[in-house]
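Understanding the architecture of this molecule
Take a look at the letters that make up each chain.
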Amino acid sequence: MFEKKKVEKRRKDEDLFKVVDSTLSPRTYVLLEEIASKLNIDYYLGAISSGKEAKVYPAKTVDGKYYAVKIYYISTSASKRAIQKYTFGDKRFEDIKVTNTRQLIITWARKEFKNLSIMYDSGVNVPKPVLVEENILVMDFIGENGNRAPLLKELSEDEITKDLYDEVISQLEIMVNKAKLVHGDLSEYNIMVWDKVYIIDVSQAISIESENAIDLLIRDIENMNRFFSSKGIEVYPTEDILKRLNITK
């Protein structure tokens, strides 16, 4: 009887994980099973995005809805210093006590969930946050049938327009003036374009009141201006955008 249950569980696991990823820890698989139960997920597909800090997997529910499941690497130390800088340099997280890498990554995941929630509620176009469990963040999926929307970087030349640039600057304005946050790492690699522009990868976003927030905001603006001007789009001077954001250097 016990052996039969083990076989049934193994079959269930194989059905749930269409692509098994050897980089995921046993604890992460347990969390994914718990999340699948909560959200009625039928199965997880292979990673559609892989970075220094995390991988993103599509998850399909029984009724055909897709979620984006972002799993942060617990064992990585490659970006630990940057994570510490953006977490403890943020006034909202000054009092958090972290004693090991696992706690740091879990705090980082919660920070992205919090940033997404604030931005979403403020009207910034971001994936709607659904839940966070330890090192796993679940969001609404931007794309179709498990295929993610293209990044700004991946658009063809004729798809990059002045209207698109204006939409990005408008999102910056909402982020700063309403959400009171600065992305801190905005580039053509973390903007998706689907039915509209979506800002993604907001774990490092910090309060506009943080010490280096204005410097990071200027860098975000200059990154966008650099990209769009390289595509032949006439951009606004950084100083003019800062005035629009009610920011003075």
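Residues numbered from 1 in each chain as written. Predicted model: local features only at pLDDT ≥ 70, side-chain atom pairs only at ≥ 80, totals over all residues. Heavy atoms only, no water.

Formally: UniProt positions are given in the numbering used here, feature names are shortened, and annotations may be inferred rather than shown by experiment.
Per an unreviewed UniProt entry, the protein goes by the name non-specific serine/threonine protein kinase and belongs to Acidianus hospitalis. Here is the UniProt Sequence similarities (unreviewed entry) comment for the protein, exactly as written: "Belongs to the protein kinase superfamily. RIO-type Ser/Thr kinase family."

**Concerning the overall build of the protein**
Stated precisely, the cut-off is as follows: Labels follow the DSSP assignment, with helices taken as runs of H or I lasting at least four residues and strands as runs of E lasting at least two, numbered in each case from the N terminus. Three labels apply to residues, based on accessible area from a 1.4 Å probe with only protein chains included: buried if under 20% of the type maximum, exposed if over 50%, partly exposed otherwise in between. Whether two residues touch is decided by their heavy atoms; if any such pair falls within 4.5 Å, the residues are in contact.
Of regular secondary structure, the protein possesses seven helices and 12 strands. Counting over 249 residues, the protein shows a buried share of 48%. Partitioning the intrachain contacts of the protein with sequence separation of at least 6 by distance along the chain shows that 60% fall at a separation of at least 24.

**What to know about the pairing of strand β4 (residues 66–72)**
To keep things clear, this is the line we draw: Any two strands are treated as partners once DSSP identifies two or more bridges connecting them.
With seven of seven residues buried, β4 is to be regarded as a mostly interior element. Burial along β4 is two-sided: Tyr66, Ala68, Lys70 and Tyr72 facing one way and Tyr67, Val69 and Ile71 facing the other are all buried. Relative to β4, strand β3 (residues 54–61) runs antiparallel, the two being bridged by seven bridges. Within β4, the position partnered with Ala54 by the bridge is Tyr72. Hairpin connection from β3 to β4: four residues lie between these consecutive antiparallel strands, with Gly64 at a positive phi of about 95°. With five bridges joining them, β4 and strand β6 (residues 136–140) adopt antiparallel strand pairing. Within the sheet, the bridge partner assigned to Ala68 lies in β6 and is Met139.

**Notes on helix α2 (residues 26–39)**
Formally: A helix's residues, less one, multiplied by 1.5 Å, set its expected span. Read the arc as the range of directions from the helix axis to the C-beta atoms.
Here α2 is 14 residues long and its end C-alpha atoms lie 20 Å apart, about the 20 Å a rise of 1.5 Å per residue gives. Looking at α2, one finds that the buried residues are Thr28, Tyr29, Leu31, Leu32, Ile35, Ala36 and Leu39. When α2 is viewed along its axis, its buried side chains cluster within an angular range of 160° and face the same direction. Turned more than 90 degrees off the buried face of α2, the exposed positions are Pro26, Ser37 and Lys38. The positive-phi residue at the C-terminal boundary of α2 is Asn40, with phi of around 60°.

**Notes on unusual backbone geometry**
The phi dihedral of Glu134 falls on the positive side, at around 50°, and the residue is not glycine. Relative to the helices and strands, Glu134 is located in the loop between β5 (129–133) and β6.

**A word on helix α6 (residues 213–230)**
Each α-helix winds once per 3.6 residues, and so residues spaced three or four apart point in a common direction. Helix length check: α6, at 18 residues, gives a terminal C-alpha distance of 26 Å against a target of 26 Å (1.5 Å per residue), a fit within 8%. For α6, the complete set of buried residues consists of Ala213, Leu216, Leu217, Ile218, Asp220, Ile221, Met224, Asn225, Phe227 and Phe228. Residue Gly232 follows α6 closely and has a positive phi angle near 85°.

**Side note on the side chain of Gln171**
Here Gln171 lies in helix α5 (residues 162–177). Overall, Gln171 belongs to the buried group, its relative accessible area being 5%. Excluding residues within four positions of it along the chain, Gln171 makes contact with Gly123, Val124, Asn125, Val197 and Ile199.

**Some details on the environment of Asn177**
With respect to the helices and strands, Asn177 occurs in helix α5. Along the backbone, Asn177 and Ser122 are 55 residues apart, and their C-alpha atoms lie at a distance of 9.3 Å. When residues no more than four places from it in sequence are discounted, the contact partners of Asn177 are Arg244, Leu245 and Asn246.

**Re the nonpolar core**
Let me state the cut-off plainly: Grouping buried Ala, Val, Leu, Ile, Met, Phe, Trp, Tyr and Cys residues that are joined through side-chain atoms within 4.5 Å yields what is termed a nonpolar core. Reported domain spans reflect what an automatic or database domain assignment gives.
By size, the foremost hydrophobic cluster in this structure holds 52 residues, and its most contacted members are Met119, Val124, Leu152, Ile191, Ile199, Leu217 and Phe228. When residues of this core are assigned to domains, at least three map to each of domain 1 (1–147) and domain 2 (150–244). Those residues in contact with Val124, other than ones at most four positions away along the chain, are Met119, Gln171, Ile174, Met175, Ala179 and Ile199. Residues Leu31, Ala36, Ala59 and Ile71 belong to the second largest nonpolar core, which totals 19 residues.

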